[in-house]
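Structure assessment
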Amino acid sequence: MTHPKIKTHKLNLYYGSNRALKDVSIEIGSNRITSLIGPSGCGKSTFLRTLNRLNDTIDNVRIEGDINIDGINIYDSNIDVVSLRKKVGMIFQKSNPFPKSVFENIAYGPRINGINRTKELEYIVETNARKAAIWDEVKDRLHDPATGLSGGQQQRVCIARALAVDPEILLMDEPASALDPISTSKIEELMFELKKDLTIVIVTHNMQQAARVSDHCAFFLSGEIIEYSETGKMFTKPVNEKTQNYISGRFG
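Note that this is a predicted model, so its numbers are computed, not measured. (Residues numbered from 1 in each chain as written. Predicted model: local features only at pLDDT ≥ 70, side-chain atom pairs only at ≥ 80, totals over all residues. Heavy atoms only, no water.)

Points about helix α3 (residues 102-112)
Note the following rule: Per-residue accessibility, obtained with a 1.4 Å probe over protein chains only, is compared with the maximum for each type, and a residue is labelled buried under 20%, exposed over 50%, and partly exposed between these values. Each helix corresponds to a stretch of at least 4 residues labelled H or I by DSSP, and each strand to a stretch of at least 2 residues labelled E; elements are numbered beginning at the N terminus. Contacts: residue pairs with any heavy atoms within 4.5 Å of one another.
Those residues of α3 that sit buried are Val102, Phe103, Asn105, Ile106, Ala107, Gly109 and Pro110. Those residues of α3 that are buried lie in contact with α4 (118-131), α5 (135-138) and α6 (151-163).

As structure tokens, then:
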């Protein structure tokens, strides 16, 4: 990998005296889907949240090591965290639309960034609702509350909202775990489309989902990366016995 989009080196994260991430070093390429797998409490979501500095909001967190995005250490003191989170969007496990209309949810980021002309906002909302494969379902409901949509529709509105500020990286923390199989399949199809323009890192407990959607896979255990490789290789010929045991369902 010549120029990784994301590169961490000996990343350690502590909650007080508890070391939650241990010497995590990984390189993630552009326009790939990378799955983070492993049992609950193994550090997957903690690692994901370091990539847009969401752990900054938690008291008593200490981080050591480097996280570089496009060759820039995002923990440097001169980094603008707001700009970072514009570049590195986040989709959470539970869809979290704002208590506003569908239109205002998707237009929220652009408005904050100073775009207020109606025609421009209408274009941004439609473009990103289409990218998030939700336009046909909401185009006649743009001024209805987003909270009135189904769970799968809400999650896709949240994806459209994240896309509306033109991120380069999308972090997804179990984005389909609360959804039915049809909605899950729509989110997965959407990820394939989005990776043409974005780098996607997804946390998932669903082994079948990791195998279906990701190009590369990282197996976390007790805060460490045990194995990191192409997904097909990991699921057919894992190098580490712990990986084999987890994938085959012996623990986790």
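Some points on the packing of aromatic side chains
Filter applied, for reference: Aromatic rings from Phe, Tyr and Trp, with only the six-membered ring used for Trp, were paired whenever their centres fell within 6.5 Å, and each pair was classed as stacked if the ring planes differed by under 30 degrees, edge-to-face if by over 60, and tilted otherwise. Counting as a charge over the ring demands two things of the Lys NZ or Arg CZ atom: a distance within 6 Å of the ring centre and an angle within 35 degrees of the ring normal.
The tally for this structure, following the rule as stated, stands at three aromatic pairs. With a centroid separation of 5.6 Å and 40° between ring planes, the pair formed by Phe47 and Phe220 is classed as tilted. With Phe47 in helix α1 (residues 44-50) and Phe220 in strand β9 (residues 216-221), this residue pair connects regions lying 173 residues apart in the sequence. We note that Phe47, like Phe220, is buried. One Lys or Arg, Arg62, reaches over the ring of Tyr14 and ends 4.2 Å from the middle of that ring.

Concerning unusual backbone geometry
One can expect most non-glycine residues to show negative phi and most peptide bonds to be in trans. Here Lys10, not a glycine, exhibits a phi torsion of approximately 45°, which is positive. Among the secondary structure elements, Lys10 is positioned in strand β1 (residues 6-15). Given a relative accessible area of 47%, Lys10 falls into the partly exposed group. At Glu174, a position not held by glycine, the phi torsion is positive, near 50°. Of note, Glu174 is situated in the loop between β7 (169-173) and α7 (181-194). Assessed through its relative accessible area of 10%, Glu174 is described here as buried.

A word on the sheet that holds β7
Going by this rule: Here, strands pair whenever DSSP counts at least two bridges between them. Note on geometry: axes are lines fitted to C-alpha atoms, helical ones only across the stretch in contact, with angles between N-to-C directions running from 0 to 180 degrees.
Ordered in space as β6-β7-β8-β3-β9-β10, the six strands form an open sheet in which the pairing is mixed. In the strand order of this sheet, the two ends are held by β6 (88-91) and β10 (224-230), each with one partner. Neighbour-to-neighbour, the strand axes of this sheet turn through a mean angle of 15°, independent of strand direction. Pairing geometry for strand β3 (residues 33-37) and strand β8 (residues 199-203), over four bridges, is parallel. Along β8, the bridge assignment pairs Leu36 with Val203. α6 rests against β6 and β7 of the sheet, and its axis sits at about 170° to β6.

Structural notes on α6
To keep it simple, the criterion reads: In this analysis, the expected span of each helix is defined as 1.5 Å times one less than the number of residues it contains.
For α6, spanning 13 residues, the distance from its first C-alpha to its last is 18 Å, which sits close to the expected 18 Å at 1.5 Å a residue. The element α6 is extensively covered by neighbouring structure, given that 12 of its 13 residues are classed as buried. Of all the residues in α6, the buried ones are Gly152, Gln153, Gln154, Gln155, Arg156, Val157, Cys158, Ile159, Ala160, Arg161, Ala162 and Leu163. Check the buried side of α6 and you find it contacts β6, α3, α4, α5, β7 and α7.

Considering the pattern of salt bridges
To keep it simple, the criterion reads: When a carboxyl oxygen of Asp or Glu lies within 4 Å of a side-chain nitrogen of Lys or Arg, that pair is called a salt bridge.
In the structure shown here, the tally under the stated rule is 19 salt bridges. Here Lys139 ties to Asp136 by a salt bridge, and the two come within 3.9 Å at their closest N and O atoms. On the accessibility criterion, Lys139 (40% relative accessible area) is partly exposed. A salt bridge links Arg212 to Glu188, with the shortest nitrogen-to-oxygen separation between them at 2.7 Å. Note that Arg212 is positioned in helix α8 (residues 207-213) and Glu188 in helix α7, a separation of 24 residues in sequence. The network of salt bridges with shared partners includes Lys5, Asp70, Lys87 and Glu168.

Considering the packing of α3 against α6
In helix packing, the relevant descriptors are the interaxial angle and the interaxial distance, both defined with respect to the helix axes. Quick note on the threshold: For classification purposes, angles smaller than 35 degrees are called roughly parallel, those larger than 145 roughly antiparallel, those between 65 and 115 roughly perpendicular, and all remaining angles oblique.
Where α3 contacts α6, the axes come no closer than 6 Å and their chain directions differ by 30°. On the basis of the axis angle, α3 is roughly parallel to α6. For the pair α3 and α6, the contacting residues are Val102, Asn105 and Ile106 in the first and Val157, Ala160 and Arg161 in the second.

What is shown is where atoms sit, not what they do.
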